[in-house]
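Now for the letters of each chain:
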Amino acid sequence: MDQLWAPWRLAYASESQSDKREKNTCFICQGLNEDRDRDNYLVLRTEFTVTYLNRFPYNNGHLLVCPRAHKAELQELTRDEAHDIHFTLTRLIDALKRSIRPDGMNVGLNLGSVAGAGLPGHLHWHVVPRWNGDTNFMPVISDTKVIVQSLESLYGILTSEL
C-alpha cells in the first residue's frame, strides 16, 4: 500500500469547527500587519488587494485573492477595490499559466458560511488551477486529495513570475 504524506493538513484537520470560530482571528488581516510574507505565504500585495497561497489547498497552486480592507460583502467594495481585485485575478491567472501550466482554472467566491466560506468576515476569491485527469480515484474512493508540490516550492516559483 502506498502512503501519502501531508503533515501540514494536521493542524486544519484536528481543529474543531467551534475552535476555528472561537479564534475569531482573520489570518488575512494578521498577515497584512506582519512583515513575514514568506512565512505567511503572502505572494502579492497591491494597493487594494493581498494574495495568499491557500494553506489547505484543493489543488496545487490554490490562491486566495482578498481586498486589503476587512469587508464581508461585495457591495462594501469601492470601485477602485473591485477593479484592483479583477486586475489582480487576471495577473495571477497569467502567472499561474506561465509557471505551473494548468489546463484550466476554477475561480470563485463563497459568500457566507452556508456557501462554504471558511472565513465569512473577509471576502476572498479562490483561484484553483486544474489539469486534465487531476480528479481520479483518490478523492472518490478514499476522500483523499494528493497535492504534488510543497507550498514553499510554489511560493518561490510564483513570486518569481510576479
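If you're wondering where the values come from, they're calculated on a predicted model, not measured in any experiment.

Basis of the calculations
- Residues numbered from 1 in each chain as written.
- Predicted model: local features only at pLDDT ≥ 70, side-chain atom pairs only at ≥ 80, totals over all residues.
- Heavy atoms only, no water.
- Helix = DSSP H or I, 4+ residues; strand = E, 2+ residues; numbered from the N terminus.
- Buried < 20%, exposed > 50% of the residue type's maximum accessible area, 1.4 Å probe, protein only.
- Contact = heavy atoms within 4.5 Å.
- Disulfide = S-S within 2.5 Å.
- Pairing = 2+ DSSP bridges.
- Axes fitted to C-alpha atoms, helices over the stretch in contact; angles between N-to-C directions.
- Left-handed = near helix turned anticlockwise from the far one by under 90°.
- Nonpolar A, V, L, I, M, F, W, Y, C, P; charged D, E, K, R; others polar.
- Phe/Tyr/Trp six-rings, centres within 6.5 Å; stacked < 30°, edge-to-face > 60°.

A. Main features of the overall build of the protein chain. Looking only at helices and strands, the protein chain features 6 helices and 5 strands. Moving toward the C terminus, one meets the helices and strands of the protein chain in the order α-α-α-β-β-β-α-β-β-α-α. Among the 162 residues that make up the protein chain, the fraction classed as buried is 37%. Nonlocal contacts in the protein chain, meaning residues at least 24 apart in sequence, comprise 63% of its contacts between residues at least 6 apart.

B. Looking closely at the state of the cysteines. Summed over all chains, the structure comprises 0 disulfides. Cys 29 forms no disulfide, and the closest cysteine sulfur to it belongs to Cys 26, at a distance of 3.6 Å.

C. Main features of the sheet that holds strand E3 (residues 63-67). An order of E1-E2-E3-E5-E4 is seen for the 5 strands of this open sheet, with the pairing classed as antiparallel. With one partner strand each, in any of the chains shown, strand E1 (42-45) and strand E4 (104-109) form the two edges of the open sheet. Neighbour-to-neighbour, the strand axes of the sheet open up by a mean angle of 20°, direction not taken into account. For E1 and strand E2 (residues 49-53), the ladder comprises 3 bridges, and the chain directions are antiparallel. If you follow Leu 42 over to E2, its bridge partner there is Tyr 52.

D. Spotlight on the packing of helix H4 (residues 79-99) against helix H6 (residues 151-161). In the contact formed by H4 and H6, the axes pass within 9 Å of each other and the chain directions differ by 115°. As H4 runs across H6, the sense of the crossing is right-handed. The residues of H6 that touch H4, namely those facing Ala 95, Leu 96, Arg 98 and Ser 99, are Ile 157, Leu 158 and Glu 161. Here the residues of the contact of H4 with H6 are counted per class, giving 4 nonpolar, 1 polar and 2 charged.

E. Representation of the side chain of Thr 51. Tracing the chain through its elements places Thr 51 in strand E2. Its relative accessible area of 0% is what places Thr 51 among the buried residues. Apart from the residues lying within four places of it in its own chain, the contact partners of Thr 51 are Tyr 41, Leu 42, Val 43, Leu 44, Leu 63, Leu 64, Val 65, Thr 88 and Leu 92.

F. Highlighting the packing of aromatic side chains. In this structure the tally under the stated criterion is 1 aromatic pair. With 5.8 Å between their ring centres and 70° between their planes, Phe 27 and Tyr 52 make a pair best called edge-to-face. With a gap of 25 residues between them, Phe 27 in helix H3 (residues 27-32) and Tyr 52 in strand E2 connect regions that are remote in the sequence. Note on Tyr 52: relative accessible area 1%, which makes it buried.

G. Spotlight on the pairing of strand E5 (residues 125-130). Within E5, 5 of the 6 residues are buried, leaving the element largely enclosed by the surrounding structure. With 3 bridges joining them, E3 and E5 adopt antiparallel strand pairing. Within E5, the residue paired with Val 65 across the bridge is Trp 125. Relative to E5, E4 is paired through 6 bridges, and the arrangement is antiparallel. Each residue of the ladder has a partner; that of Asn 106, found in E5, is Val 128.

H. Just unusual backbone geometry, in detail. Despite not being glycine, Tyr 41 has its phi angle at roughly 55°, a positive value. Relative to the helices and strands, Tyr 41 is located in the loop between H3 and E1. A relative accessible area of 10% means that Tyr 41 is categorised as buried. The phi dihedral of Arg 101 is positive, around 50°, even though this residue is not glycine. You can call Arg 101 exposed: its relative accessible area is 62%.

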